[in-house]
Amino acid sequence: MRGLLLALLAFFAISAPLAAQDMLPPAPYAYKQLADPKQEAKAQALMETLRCLKCQSQSIADSDAPMAGDMRHQVRTRIAAGEDPEAIRQWLIERYGDYVSYTPQVKPLTWPLFAAPLLFLALAAFLLRGRFRRGKRA
Amino acid sequence: MSEATAPAKRPGLAVWLPLGLFAGFLALVFVGLYWPADREVSSAFIGKPLPAFDLPPASDERPGLATTVFKQAGKPRLLNVFASWCVPCAVEAPQLAALAKQGVEIDGVAIRDRKEDVARFLGQYGNPFARIGKDDLSQVQLAIGSSGVPETFVVDGKGIIRYQHIGDIRPEDVPLIMRKLAEAGQ
């Protein structure tokens, strides 16, 4: 029994973990903020609304996946070059579809998302109108 | 005994409502269990021209990879996004070798990889690539809408992306890839 335990211990000590991650250091701007705080704030706001494609319920601002790091590098360098955050979002949507953005855009498919609250408000006003009238009479 | 004084109302259909709701919920659970949603993000760049890039070589045995290769190819090629650290990339190596043997020209983009690791990987699993570009910042990967490794793109003779295969190419996928190449060549 002791021998078996020792053998197991030796096995785990010697065997290298399976390399399923790359060995390269993170991209220069994966973890480094931009020098200009205004630009960094813009980049941060954008990164928080972009989906990490590797770990799909995290934003790229939130994820430590190497690909998310590369996406942050891309976002920061583009913002530093003066590109508009929405243009960068559009660039990514062109490549990955709407799924990459956490901020829904008004489109033929998504307009109910924006119209529904207004419709519900209108419906509520319609249903309640009687109450208000009766209140006045009383 | 209330029944004696006031005859109980016969229960209406509403009685069945909670059970119905529960059955609906169960159905939803089973649909989710047996037909899980597709979580793969496919490229929205299919049908569009390959964006311009020029990558340095990732291997001493092969040149780097630039967009011009695809634009001047005249016939469809495969663009394989891979990495030496990616386990399924090793799994699809025999299929890439089989495709190369059938005369398909394959170019590789090595994602976040070191030259020595690429060399070791190619030595171990074979080298089906005509060119291999080194993409250390996943720039080309992002530019073509690829969201992981391995992925394989069929690019026609004019440099238009025609098809994307997500994940490793299994032996049963090879005929499909050949068909997509033939379609792209028409």
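Residues numbered from 1 in each chain as written. Chains lettered and ligands numbered in written order. Predicted model: local features only at pLDDT ≥ 70, side-chain atom pairs only at ≥ 80, totals over all residues.

What follows is about the domain arrangement of chain B. Splitting chain B by domain gives domain 1 (2–34) and domain 2 (54–185). Domain 1 of chain B and domain 2 of chain B are separated by 57 Å when their C-alpha centres are compared. (Domains from an automatic or database assignment.)

Taken domain by domain, chain A holds domain 1 (26–103) and domain 2 (106–138). Each of domain 1 of chain A and domain 2 of chain A was reduced to a C-alpha centroid, and the two centroids are 38 Å apart.

Turning next to helix α6 (residues 115–125) of chain B. All names here are of chain B. For α6, the complete set of buried residues consists of V118, F121 and L122. Looking straight down α6, one finds that the buried residues subtend no more than 95° of arc, so they occupy a single side. In α6, those exposed residues whose orientation departs by more than 90 degrees from the buried face are E116, R120, G123 and Q124. Each element contacted by the buried residues of α6 is listed here: β4 (106–111) and β5 (129–135). Of the residues trailing α6, G126 is marked for its positive phi of about 90°. (Buried ≥ 20, exposed ≤ 12 C-beta atoms within 10 Å, placed from the backbone. Helix = DSSP H or I, 4+ residues; strand = E, 2+ residues; numbered from the N terminus. Arc of directions from axis to C-beta. Contact = placed C-beta atoms within 7 Å.)

A separate point is the interface of chain A and chain B. At the interface, 21 residues of chain A touch 19 residues of chain B. Secondary-structure elements contributing two or more residues to the side of chain A that touches chain B are α3 (66–80) and α4 (85–96) of chain A. For the side of chain A that touches chain B, a count of residues per class yields 11 nonpolar, 5 polar and 5 charged. (Nonpolar A, V, L, I, M, F, W, Y, C, P; charged D, E, K, R; others polar.)

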